Amino acid sequence: MTIDYSIITLSVNNDKEKLRLDTYIAEKCNISRSKAQRLIQNEQVKLLGTPIINNDYIVKPDEEYVVHLVQPDISTSIEPNYDIKLNIVYEDEDIIVLSKQSGLTVHPGAGTNNDTLLNAVIAHLNVRPGIVHRLDKDTSGLMVIAKNEAAHSFLSELLSNRKIKREYLAVVWGTLSSQQGTIKTNIAPKRGNKEMICVTKITGKLAITHYLVQKVIGQVSLVKCTLETGRTHQIRVHMSHIGHSIVGDQVYGKNSSKSTKYAKNSSFIRNFNRQALHAYTLGLYHPKSKEYMEFVSDLPQDIKTLIGEFDNIS
């Protein structure tokens, strides 16, 4: 049995008036504007049951749009994988909160072979779940997954309105100049390499990360990063932008040269091959009871060992 949980209902608030429909849909659904335009052109955005096909239609307060995020002709058939172990923190009839291990991709795509988190969750549920947010393959930690359409729509709206609490712990290179601060930039895919994200001055999407130093450990610092927005690679890009890239992140931090320079006596640090980033706190309102729930996932053993290694050589 396959269920498609891609239908989202959006209610326009007074502060959203004078926004174009494509801009509004992109912002609320956390997708690109071009994808929002394709949805509109393919009659996947409806107002009072009628498709709106003009991208430049201006949204009005109290209007309610129904958005079909997946085209009806796109196959949603994904094979279950019973061999991947899930670390379930909480589960009821509406949601699953789990702690993802590093090295596990969330959703099938290029390079995957039925070996993703979604394949494992389908094996657990026997139906297609609703992915609310994602973690990078090599980032570990907490995620919430919806088990029905109503839960997915509610949680997606929470996420769009920045009402889901997401706190991460990161081991970063160096000592930050201030104990706490906020990084606020635009970020966008890099020209010529869409797999990489970079800070931009004008184009791209607004990204906001709040940070608080927890502990300085020799050549590195343990930092709590709180997402206000949740862009792709946001924390990794932001920490690199302020000169304190995440240990193990070769994409955004020239990690190999830093580990060779500062940890030449530790093979564990030199061979640590994933970003030391863990989603350790997740807070949300339950889709049915509307009660606030908060979950915590302790640092995984590899990051604990990494911190211990830096402690030993400091």
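Remember, predicted model here, so these are calculated numbers, not experimental data. (Residues numbered from 1 in each chain as written. Predicted model: local features only at pLDDT ≥ 70, side-chain atom pairs only at ≥ 80, totals over all residues. Heavy atoms only, no water.)

Peer 1: Just to check I follow, could you spell out the packing of helix 1 (residues 21-29) against helix 2 (residues 33-41) for this structure?
Peer 2: Two numbers describe a pair of packed helices, the interaxial angle and the distance between the axes. Put simply, helix 1 and helix 2 touch, their axes get as near as 8 Å, and they point 115° apart. Judged by the sense of rotation from one axis to the other, the crossing of helix 1 with helix 2 is right-handed. Packed against helix 1, whose contacting residues are Leu21, Asp22, Thr23, Ile25 and Ala26, the element helix 2 presents Arg33, Ala36, Gln37 and Ile40 at the interface. Its residues assigned to classes, the contact of helix 1 with helix 2 shows five nonpolar, two polar and two charged. (Axes fitted to C-alpha atoms, helices over the stretch in contact; angles between N-to-C directions. Helix = DSSP H or I, 4+ residues; strand = E, 2+ residues; numbered from the N terminus. Left-handed = near helix turned anticlockwise from the far one by under 90°. Contact = heavy atoms within 4.5 Å. Nonpolar A, V, L, I, M, F, W, Y, C, P; charged D, E, K, R; others polar.)

Peer 1: Explain unusual backbone geometry here, please?
Peer 2: Glycine aside, negative phi is the norm for most residues, and most peptide bonds take the trans geometry. Unusually for a residue other than glycine, leucine 48 sits at a positive phi of about 55°. Tracing the sequence through the fold places leucine 48 in the loop between strand 2 (45-47) and strand 3 (50-51). Looking at leucine 48, the relative accessible area reads 82%, which means it is exposed. (Buried < 20%, exposed > 50% of the residue type's maximum accessible area, 1.4 Å probe, protein only.)

Peer 1: Could you clarify how one ought to interpret the pattern of salt bridges in this entry?
Peer 2: A side chain of one charge can pair with a side chain of the opposite charge when the charged atoms of the two come close. Going through the model one piece at a time under the given rule, you end up with 13 salt bridges. Lysine 288 is the partner of aspartate 94 in a salt bridge, and the nearest nitrogen-oxygen pair spans 3.6 Å. Placement of the pair is aspartate 94 in the loop between strand 5 (88-91) and strand 6 (95-100) and lysine 288 in the loop between strand 14 (277-285) and strand 15 (292-296), with a sequence separation of 194 residues. Residue classification places aspartate 94 among the buried positions, given a relative accessible area of 6%. The residue lysine 165 makes a salt bridge to glutamate 294 at a minimum N-O spacing of 3.2 Å. One end of the pair, lysine 165, is in strand 9 (residues 165-173); the other, glutamate 294, is in strand 15, and 129 residues separate them in sequence. Using a relative accessible area of 41% as the deciding quantity, one classes glutamate 294 as partly exposed. Each of Lys165, Glu167, Lys224 and Glu294 takes part in one network of salt bridges that share partners. (Salt bridge = Lys/Arg side-chain N within 4 Å of Asp/Glu carboxyl O.)

Peer 1: What's the story with helix 4 (residues 149-160) in this structure? I'm lost.
Peer 2: Three or four residues apart is the spacing at which side chains of an α-helix point the same way, because the helix has 3.6 residues per turn. Here helix 4 contains twelve residues, and its C-alpha end-to-end distance of 16 Å stays within 8% of the 16 Å for a straight helix at 1.5 Å per residue. Among the twelve residues that make up helix 4, nine are buried, leaving the element largely enclosed by the rest of the structure. Every buried residue belonging to helix 4 is among Ala151, His152, Ser153, Leu155, Ser156, Glu157, Leu158, Leu159 and Ser160, and all of these are buried. Two or three places before alanine 150, at the start of helix 4, stands the capping residue asparagine 148, its side-chain oxygen 3.4 Å from that residue's backbone nitrogen. The positive-phi residue at the C-terminal boundary of helix 4 is arginine 162, with phi of around 60°. (Expected span 1.5 Å × (residues − 1). Polar contact = N/O pair within 3.5 Å; in protein donor to acceptor, adjacent residues only side chain to side chain.)

Peer 1: What is the right way to look at the packing of aromatic side chains in this model?
Peer 2: Here a ring pair, both rings aromatic, is described through the centre-centre distance and the interplanar angle of the planes. This model, assessed by the stated rule, comprises six aromatic pairs. Both rings, one in tyrosine 90 and one in phenylalanine 295, keep their centres 5.5 Å apart while their planes meet at 40°; by these two values the pair is tilted. Here phenylalanine 295 lies in strand 15 and tyrosine 90 lies in strand 5, a separation of 205 residues in the sequence. On the basis of relative accessible area, tyrosine 90 is assigned to the partly exposed category, the value being 25%. Taking the relative accessible area as the measure of exposure, phenylalanine 295 reaches 9% and is therefore buried. Both rings, one in phenylalanine 268 and one in phenylalanine 272, keep their centres 5.9 Å apart while their planes meet at 50°; by these two values the pair is tilted. Through a chain of ring-to-ring contacts, three or more aromatic side chains come together here, namely Trp173, Tyr262 and Phe310. For the cation-ring pair, lysine 290 lies above phenylalanine 154, with the distance from its terminal atom to the ring centre recorded as 4.9 Å. (Phe/Tyr/Trp six-rings, centres within 6.5 Å; stacked < 30°, edge-to-face > 60°. Lys NZ or Arg CZ within 6 Å of the ring centre and 35° of its normal.)

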